[in-house]
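So the chains spell out like this:
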Amino acid sequence: MHTTVGIIGAGPSGLLLARLLHQAGIDSVVLESRDRSYVERRQRAGILEQATVDALRAAGAGARLDAEGLPHDGIELRHDGRATRIDFPALTGGRRVWVYAQTEVVKDLVALQLAEGGPLHFKAEVTAVEGADTDRPRVHYRHEGREKTLTCDYVVGCDGYHGVTRHAVPESERRTFERTYPYSWLGILAEAPPAYDELIYAHSERGFALASMRSPSVSRLYLQVPNGTDPADWPDERVWDELDARLALTADPGRRLIRGPVTQKSVLPMRSSVTEPMRHGRVFLAGDAAHIVPPTGAKGLNLAAADVIVLARAFAHHAKTGSTELLDGYSDTCLRRVWRAEHFSYAMTTTLHTDPAQSPFDTRLQQSQLDRIATSPHAAAELAENYTGLPLDV
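The chain is annotated in an unreviewed UniProt entry as 4-hydroxybenzoate 3-monooxygenase from Streptomyces roseicoloratus.

S.K.: Any chance you could break down the overall build of the chain for me, citing the residues and the numbers?
M.R.: A tally of regular secondary structure across the chain gives 12 helices and 19 strands. Radius of gyration (C-alpha) of the chain: 21 Å, near the 21 Å computed for a compact globule of 394 residues. Each principal axis of the C-alpha distribution contributes one length, and for the chain these read about 65 × 40 × 40 Å. Counting every position in the chain, which comprises 394 residues, the buried fraction comes to 54%. In the chain, once contacts between residues fewer than 6 apart in sequence are set aside, the share between residues at least 24 apart is 71%. Approximately 16600 Å² of the chain is accessible, and the part contributed by carbon and sulfur atoms is 49%. Across the chain, 44 positive and 51 negative side-chain charges occur, with their mean positions spaced 1 Å apart.

S.K.: Break down the nonpolar core for me, citing the residues and quoting the values.
M.R.: In summary, soluble globular proteins display a tendency toward joint burial of nonpolar side chains. If you look at the biggest cluster of nonpolar residues, it comprises 58 residues, and the most contacted ones within it are Leu-16, Leu-48, Val-156 and Phe-315. Looking at this core, the elements with two or more residues in it are β1 (2–8), α1 (12–23), α3 (50–58), α6 (102–116), β11 (146–157), β18 (283–285), α8 (300–321) and α10 (330–352). Among the elements that make up this core, the one with the highest residue count is α8 (11 residues). If we skip the residues at most four places from it in the chain, Phe-315 touches Val-5, Leu-21, Ile-26, Tyr-154, Val-156, Phe-284 and Leu-327. Residues Ala-190, Ile-200, Tyr-201 and Tyr-387 belong to the second largest nonpolar core, which totals 49 residues.

S.K.: Describe the pairing of β11, with residues and values.
M.R.: Where β1 meets β11, 6 bridges bridge the pair, whose relative direction is parallel. The residue of β11 that forms the bridge with Thr-3 is Cys-152. Both strand β10 (residues 138–143) and β11 contribute to a ladder of 6 bridges, which runs antiparallel. Within β11, the position partnered with Val-139 by the bridge is Leu-150. The loop that links β10 with its antiparallel partner β11 comprises 2 residues; one of these, Glu-144, has a positive phi angle of about 55°.

S.K.: Can you lay out the sheet that holds strand β4 (residues 70–72) for me, pointing to particular residues and giving the numbers?
M.R.: Spatially, the 3 strands line up as an open sheet ordered β3-β7-β4, and their pairing is antiparallel. Every other strand in the sheet has two partners, leaving β3 (47–48) and β4 as the edge strands with one partner each. Bridge count between β3 and strand β7 (residues 97–99): 2 bridges; the pairing is antiparallel. Across the sheet, Leu-48 pairs through a bridge with Trp-98, a residue of β7.

S.K.: Mind laying out the packing of helix α11 (residues 360–375) against helix α12 (residues 377–388), listing which residues take part and the relevant values?
M.R.: As a packed pair, α11 and α12 sit with axes 5 Å apart at the nearest point and diverge in direction by 100°. Classified by the angle between their axes, α11 and α12 sit roughly perpendicular to one another. When α11 is examined against α12, the residues Arg-372, Ile-373 and Thr-375 are found in contact with a partner set consisting of Pro-377, Ala-379, Ala-380 and Leu-383. Here the residues of the contact of α11 with α12 are counted per class, giving 5 nonpolar, 1 polar and 1 charged.

S.K.: Account for the packing of aromatic side chains, with residues named and values stated.
M.R.: Think of a pair of aromatic rings as described by two things: how far the centres are apart, and how the planes are tilted against each other in angle. If you walk through the whole model with that rule in mind, you get 12 aromatic pairs. Plain terms: the ring middles of Phe-177 and Trp-339 are 5.8 Å apart, the flat faces sit at 75° to each other, and that makes the pair edge-to-face. Placement of Phe-177 in strand β12 (residues 175–190) and of Trp-339 in helix α10 is noted, with a sequence separation of 162 residues between them. Their ring planes at 70° and their centres at 5.8 Å tell us that Phe-284 and Phe-315 sit as a pair that is edge-to-face. On the criterion of sequence distance, the pair formed by Phe-284 in strand β18 and Phe-315 in helix α8 is long-range, its members being 31 residues apart.

S.K.: Could you give me a rundown of the sheet that holds strand β16 (residues 262–276), with the residues and numbers involved?
M.R.: Strand order in this open sheet of 8 strands is β6-β5-β13-β14-β15-β12-β16-β19, and the pairing throughout is mixed. The outermost strands of the open sheet, each flanked by one partner alone, are β6 (82–87) and β19 (291–292). Here β16 pairs with β19 via 2 bridges, running antiparallel. The residue bridging Val-274 from the neighbouring strand is His-291, located in β19.

S.K.: A description of the environment of Gly-81 should follow, citing residues and the corresponding values.
M.R.: Its location among the elements puts Gly-81 in the loop between β5 (74–79) and β6. Remark: the alpha-carbon pair of Gly-81 and Val-225, spanning 144 residues in sequence, is separated by 21 Å.

S.K.: An account of α1 is requested, with residue identities and associated values reported.
M.R.: Here α1 contains 12 residues, and its C-alpha end-to-end distance of 16 Å stays within 8% of the 16 Å for a straight helix at 1.5 Å per residue. Among the 12 residues in α1, 10 count as buried, and that is most of the element. For α1, the full list of buried residues reads Pro-12, Ser-13, Gly-14, Leu-15, Leu-16, Leu-17, Ala-18, Arg-19, Leu-20 and Leu-21. Within two residues after α1, Gly-25 carries a phi angle of roughly 80°, on the positive side.

S.K.: Residue-level account of the pairing of β5, with values.
M.R.: β5 sits mainly inside the fold: 6 of its 6 residues count as buried. On β5, burial covers both faces: Gly-74, Glu-76 and Arg-78 on one face and Ile-75, Leu-77 and His-79 on the other are all buried. Across 6 bridges, β5 lies against β6 in antiparallel orientation. Residue pairing across strands places Glu-76 opposite Arg-85, the latter belonging to β6. Between β5 and the antiparallel strand that follows it, β6, lie 2 residues; Asp-80 among them carries a positive phi value of about 50°. Sheet topology places β5 next to strand β13 (residues 200–202); 3 bridges connect them, and they run parallel. Directly across from Arg-78, in β13, lies its bridge partner Ala-202.

About the criteria used
Residues numbered from 1 in each chain as written. Predicted model: local features only at pLDDT ≥ 70, side-chain atom pairs only at ≥ 80, totals over all residues. Heavy atoms only, no water. Helix = DSSP H or I, 4+ residues; strand = E, 2+ residues; numbered from the N terminus. Rg over C-alpha atoms; globule rule 2.2 N^0.38 Å. Buried < 20%, exposed > 50% of the residue type's maximum accessible area, 1.4 Å probe, protein only. Contact = heavy atoms within 4.5 Å. Areas by Shrake-Rupley, 256 points an atom, 1.4 Å probe, with all protein chains shown as cover. Lys, Arg positive; Asp, Glu negative; His and termini not counted. Charge placed at Lys NZ, Arg CZ, Asp CG, Glu CD. Core = buried A, V, L, I, M, F, W, Y, C linked by side-chain atoms within 4.5 Å. Pairing = 2+ DSSP bridges. Axes fitted to C-alpha atoms, helices over the stretch in contact; angles between N-to-C directions. Parallel < 35°, antiparallel > 145°, perpendicular 65-115°, else oblique. Nonpolar A, V, L, I, M, F, W, Y, C, P; charged D, E, K, R; others polar. Phe/Tyr/Trp six-rings, centres within 6.5 Å; stacked < 30°, edge-to-face > 60°. Expected span 1.5 Å × (residues − 1).

Laid out in structure tokens, this is it:
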């Protein structure tokens with residue numbers, strides 16, 4: 001079997017790329033190692049930037065997002081008993097974000113791909129990508145009990161940090177920059193309506209907390225915990241008590257956390273990673289295959305979407321003109337934006353979390369930065385511009 005673009009991984013980036021290529025009249029095949037049920041239940045990000053929402057709408061995947069997604073015009077920062085609201089539209093010329101879970105984005109894109117797009121094969125385990133330096137790279141995979149090969153004009157790896165595609169870039173030419181943080185997030189999903197309209201990011205001496213949501217009836221909440229934490233050591237009541245202590249909402253009438261049944265509990269390690277370059281020969285890396293950010297800045301899914309939007313435009317330009325100029329510039333174009341998002345995510349993470357080894361001096365620096373955001377329109381605008389998403393060519 002042969003296709004123009006072989007896409008490895010049916011997460012949001014792989015599926016969005018397939019959809020954008022379909023709209024441009026470019027054929028593709030998507031290979032996903034997991035089954036459809038797993039892919040559509042995989043809990044990940046929940047915040048969509050303005051540009052991501054615009055792209056999903058343009059791709060024909062915006063109907064349910066517009067009907068069920070929750071548009072947010074700001075976030076709240078809490079520290080030292082103070083609450084500061086960051087007004088996104090006022091600070092960015094009208095941009096905002098949406099709460100719409102990755103699971104829902106994937107469901108929408110899977111339905112479109114199966115109804116209108118090219119082949120989408122679930123339970124197709126890619127074992128190797130070969131021939132990146134040739135004009136017909138090969139993807140070897142197992143599907144329906146058989147060993148198969150997909151030949152392509154180009155291969156795009158949307159299969160994550162531990163996927164196969166990264167290794168198609170020779171180790172001698174691949175460089176990875178990483179940072180591991182000395183804390184993790186304990187996250188819960190709860191059948192409880194949020195008692196807040198927008199996300200709350202809280203800095204406290206007890207550690208960081210985040211109050212988010214998935215819908216008007218489902219809360220998504222996080223606590224900073226030590227690395228290696230076992231979720232079993234955090235019974236539900238302890239989680240709720242600690243969230244109350246760190247978010248300090250009890251002083252605000254009507255905003256006390258509403259407790260409800262916890263339906264999911266997990267621990268998420270925090271790390272940053274960037275692999276350069278994001279292209280070798282005819283193999284391209286996108287999303288987590290090329291970069292990982294801590295979730296504090298809500299950049300992960302959005303960076304992945306930005307990668308494939310840039311790449312789809314480059315493929316369309318090549319198909320129309322024969323020029324490889326945009327394909328050749330893909331890595332440099334994306335990395336500029338990736339490093340900006342990495343810096344923003346790092347700054348949010350280190351400003352809001354309590355490092356186990358930090359000194360009182362470090363704490364005062366954090367408080368100073370939060371005070372500046374609270375009092376300086378320029379600092380608040382910088383946060384708002386990064387949070388709602390930078391232009392795709394930055």
